[in-house]
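Residue-level listing of the chains:
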Amino acid sequence: MSKTSSLFCALLCTFIWGTTFIAQDTGMDDIGPFTFNAVRFFVGFLVVAPLAFIFERKNISKSVQRNQKEFTNLALLIGLSLFLGSALQQVALLYTDVANAAFFTIFYVPMVPFIIFFMYKKPIHWSIWPSVLLCVMGGYLLTNFYSATVRTGDALIIMGAFFWSTHIIFTGKIIENYNLPLTIGAIQTLIVASLSLIIGLIFEDFIWSNILKEKFQILYAGVLSGGLAFVLQIYAQKNISPAPSAIIFSLEGVFATIAAWILLDQILDINNLFGCLFILFGVLFSQLAPILKKD
């Protein structure tokens, strides 16, 4: 896969994530957050698993047998990170508003290079830092956070941002050595669905009639986000390192704002537009890193 194809996958993935934010927020009118995630990611598993069986079944044993323990450990770390990130974000939406949630989620952009440095002692090119600053400033303007009130749910969002960061990092690590994006996608969605189901059965009312009331939100969040988007993320990170990937994924806020403008008739003011531009400039600047490294 070429770098251009990876960039396209990253942008399409981010677009789906951004538009899914509305489905996540409106999909909990009749069910709890863990029930929503359990059904959503199980739907995603049902979409991805057959594709993994058709296209990758012949390569799984050959690819994994080189280091089965490493593959298993990384797959579990990816699944656990995705579960914790999505669970904390989903629960937080019950206690904070979308503006706060969108702003604090963008914190995974500065977290990724710091975590990479401390975990792998890998230096980050200087060009990443202006991009990080532009994305955080853009998120601040985009979400109207300056007019929002800090709430207890915001702490959950920040914790979730940490696990979104580790998910991006471990995804980049596993795809370096194992070219099995569909298989990895199926494994992580099954892990998230299983853990969410266990907690949902313990603490929430798992009622099918209520689940069916949210079927459209679940199908959108499951098929497109839980299934397609997270596989696209894996394809994207085949040629894009974690720090620039995180910056590109921050466009999620831009797409979420545009979706809210179109679907929910929310008005975009001048600060929102500047926020979009800041993030776009940050993404473009991050792509200069590979070129500048050659100097």
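Residues numbered from 1 in each chain as written. Predicted model: local features only at pLDDT ≥ 70, side-chain atom pairs only at ≥ 80, totals over all residues. Heavy atoms only, no water.

Draft legend 1. Looking closely at the side chain of Ser196. Tracing the sequence through the fold places Ser196 in helix α8 (residues 181-203). At 2.7 Å, the side chain of Ser196 forms a polar contact with the backbone oxygen of Val192. Setting aside residues no more than four positions away along its own chain, Ser196 makes contact with Phe34, Asn37, Ala38 and Phe83. (Helix = DSSP H or I, 4+ residues; strand = E, 2+ residues; numbered from the N terminus. Polar contact = N/O pair within 3.5 Å; in protein donor to acceptor, adjacent residues only side chain to side chain. Contact = heavy atoms within 4.5 Å.)

Draft legend 2. Molecular detail of the packing of α8 against helix α10 (residues 215-236). In the contact formed by α8 and α10, the axes pass within 9 Å of each other and the chain directions differ by 130 degrees. As far as their axial angle goes, α10 and α8 are oblique. For the crossing formed where α8 meets α10, the hand is right-handed. Together, Pro181, Leu182, Ile184, Gly185, Gln188 and Thr189 of α8 and Gly226, Phe230, Val231, Ile234 and Tyr235 of α10 make up the contact between the two elements. Tallied by class, residues from the contact of α8 with α10 come to seven nonpolar, four polar and no charged. (Axes fitted to C-alpha atoms, helices over the stretch in contact; angles between N-to-C directions. Parallel < 35°, antiparallel > 145°, perpendicular 65-115°, else oblique. Left-handed = near helix turned anticlockwise from the far one by under 90°. Nonpolar A, V, L, I, M, F, W, Y, C, P; charged D, E, K, R; others polar.)

Draft legend 3. The arrangement of empty space enclosed by the protein in detail. Per the stated rule, a full pass over the model turns up two cavities of 30 Å³ or more. Taken as a whole, the largest cavity holds about 150 Å³ of empty space. What lines the largest cavity is a set of 13 residues, among which Trp17, Gln89, Trp164, Phe230 and Glu252 lie closest to the centre. Breaking the lining of the largest cavity down by element, the ones donating at least two residues are α1 (3-26), α7 (153-177) and α10. The class makeup of the residues in the lining of the largest cavity is five nonpolar, six polar and two charged. By volume, the second largest cavity amounts to about 80 Å³. If you trace the second largest cavity, you find it lined by Phe21, Ala102, Thr105, Ile106, Tyr108, Phe249, Ser250, Glu252, Gly253 and Ala256. (1 Å grid on protein atoms, 1.4 Å probe; cavity = no way out; pocket = protein on both sides within 12 Å on 5 of 7 lines; lining within 4 Å. Points joined across faces, edges and corners; volume = space filled by probe spheres on them.)

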